[in-house]
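Descriptive structure summary
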Amino acid sequence: MKESYATAEDTEMELNDLYDITILGGGPVGLFASFYAGLRHMKTKIIDALPELGGQLTALYPEKYIYDVAGLPKVMAKDLAKNLIGQAQHHHPTICLDERIEALRPVEFEGRHILRLAGSRGSDHYTKALLLTVGIGAFAPRTLELDGIEKFEQRFVHYFVKDRSIFQDKKILIVGGGDSAVDWALNLQDTAKKVMLIHRRDEFRAHEESVEALMDSDAEVKLWCELDEVHGNNVLEAVTVRNNRTNERETLHVDHLLLNLGFMASLGPLKNWGLEIEKGDIKVTSKMETNIECIYAAGDIVTFPGKLKLLATGFGEAAIAVNNIKTYIDPNARAFPGHSSEMKK
Ligand SMILES: Cc1cc2nc3c(=O)[nH]c(=O)nc-3n(C[C@H](O)[C@H](O)[C@H](O)COP(=O)(O)OP(=O)(O)OC[C@H]3O[C@@H](n4cnc5c(N)ncnc54)[C@H](O)[C@@H]3O)c2cc1C
């Protein structure tokens, strides 16, 4: 997939390469925004820090089903990502992957205010408007500091499930008490030989329905338990878990560990751009404008009264942002794009 994309390296960045809109973050919201920008005939570029498009859908939960995307009763995250990528590519945006924006500087060009974005690959990107769809920021999973755990990482200790077939007929221990831990404990039962889950408390941060299903399932659930040790030479063989109320220790024979302990997200250099930030999120108006002229934001990264971090709301915000950017760039344009069903193919 990556080979067919233009990268920053292939592109000569000069002022005549000025884009109407640059979308920072190629997750679901950024991808839908890119499609919408194409509908509005805007010259569009997407930049993402990861080597693949799709954001959380691709990186964090590709094999989970999503049930609350309008019109799609059930869709696997990686399939939704594939469709969003296809929809975005319909208008041929320039796509730069594996690249972060380190710094941003306003530039005057032919009497208008544009932005110069300094990319981590050494190129500059020029744009009339910037749309931030960076989601939870550049994300990294929370890890556990246990002696020797690093030697099992990638092969036997996992933070994401990219390919469930590696768990085929294996014994797997899931650590965590959130939605991901509970969902994987349910979803992997038809693949793994045995699924165990430990959680350090007795309350889950997951949908009640899923927790109920978990408790009724064949998964072995141990509450008030924490991971203390990992054992094995080249291959993970067993772990020791400790009950944090009784201090009782127990050895469990497992082939794989799935650590679902949440993610640490970082806004990185964006924090220093002068954006108005509230509890880690970027404040936006009802037009998705930030406090900085020509910078808009949408999706998981934004906050406004009533904001919900969902795909459904993010897609709506993408449309609002792009159509308002259109009027920012061209004051004669209308914000309302017309109906796509009325447009020429
Ligand atoms: C396990 C799990 C299950 C979920 N299930 C559902 C569900 O059932 N229904 C639902 O509606 N929502 C669900 N969500 C939430 C949903 O995935 C998010 O709301 C959605 O992904 C937000 O999209 P986004 O494009 O705003 O951000 P993201 O998907 O986070 O994408 C942001 C992109 O920006 C990139 N980026 C970040 N920082 C930078 C930077 N500085 N420079 C360049 N690129 C950068 C990232 O690499 C990423 O590709 C779930 C989330 C998780 C973790």
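Reading the values: the criteria
Residues numbered from 1 in each chain as written. Predicted model: local features only at pLDDT ≥ 70, side-chain atom pairs only at ≥ 80, totals over all residues. Heavy atoms only, no water. Near = heavy atom within 4 Å. Polar contact = N/O pair within 3.5 Å; in protein donor to acceptor, adjacent residues only side chain to side chain. Areas by Shrake-Rupley, 256 points an atom, 1.4 Å probe, with all protein chains shown as cover. Helix = DSSP H or I, 4+ residues; strand = E, 2+ residues; numbered from the N terminus. Nonpolar A, V, L, I, M, F, W, Y, C, P; charged D, E, K, R; others polar. pLDDT = per-residue confidence, 0-100. Contact = heavy atoms within 4.5 Å. Pairing = 2+ DSSP bridges. Domains from an automatic or database assignment. Buried area = accessible area lost by both parts, 1.4 Å probe. Salt bridge = Lys/Arg side-chain N within 4 Å of Asp/Glu carboxyl O.

1. Some words on the site of the ligand
The immediate surroundings of the ligand are formed by 30 residues, with Asp48, Gln56, Tyr61, Asp68 and Asp300 found nearest. Contact between the ligand and glutamine 56: an oxygen atom at 2.8 Å from a side-chain N or O atom of the residue. In the complex, 90% of the free accessible area of the ligand, which totals 990 Å², lies under the protein chains. Among the secondary structure elements, those contributing two or more residues to the shell around the ligand are α1 (28-39), α2 (55-59) and β9 (138-141). The residue inventory of the shell around the ligand, partitioned by class, reads 15 nonpolar, nine polar and six charged.

2. Here we look at the confidence of the model for the protein chain
Of all residues in the protein chain, 95% have pLDDT values of 70 or greater, and the mean over the chain is 91. This stretch, residues 1-13, has a pLDDT under 50; its non-local contacts, to residues over four places away or in other chains, come to 28 contacts.

3. Some points on the sheet that holds strand β17 (residues 256-259)
An order of β10-β17-β11-β12-β13 is seen for the five strands of this open sheet, with the pairing classed as parallel. The open sheet is flanked by β10 (157-158) and β13 (220-223), the only strands paired with a single partner. Across two bridges, the pairing between β10 and β17 is parallel. Looking at the pairing, valine 157 lines up with leucine 257 of β17.

4. Some details on the domain arrangement of the protein chain
Looking at the protein chain, the domain boundaries give domain 1 (2-139 + 263-342) and domain 2 (143-259). The centre of domain 1, based on its C-alpha atoms, is set 35 Å off from the matching centre of domain 2. Of the residues lining the interface, eight residues belong to domain 1; the matching set on domain 2 comes to 10 residues. Summed over both sides, the interface between domain 1 and domain 2 buries roughly 770 Å², with carbon and sulfur atoms accounting for 49% of that surface. Per-residue buried area on domain 1 facing domain 2 is highest for Ala59, Glu63 and Lys64; these three make up 62% of the total on that side. Taken together, domain 1 and domain 2 are joined by one salt bridge. A salt bridge links lysine 64 to aspartate 183; its shortest N-O distance comes to 2.8 Å.

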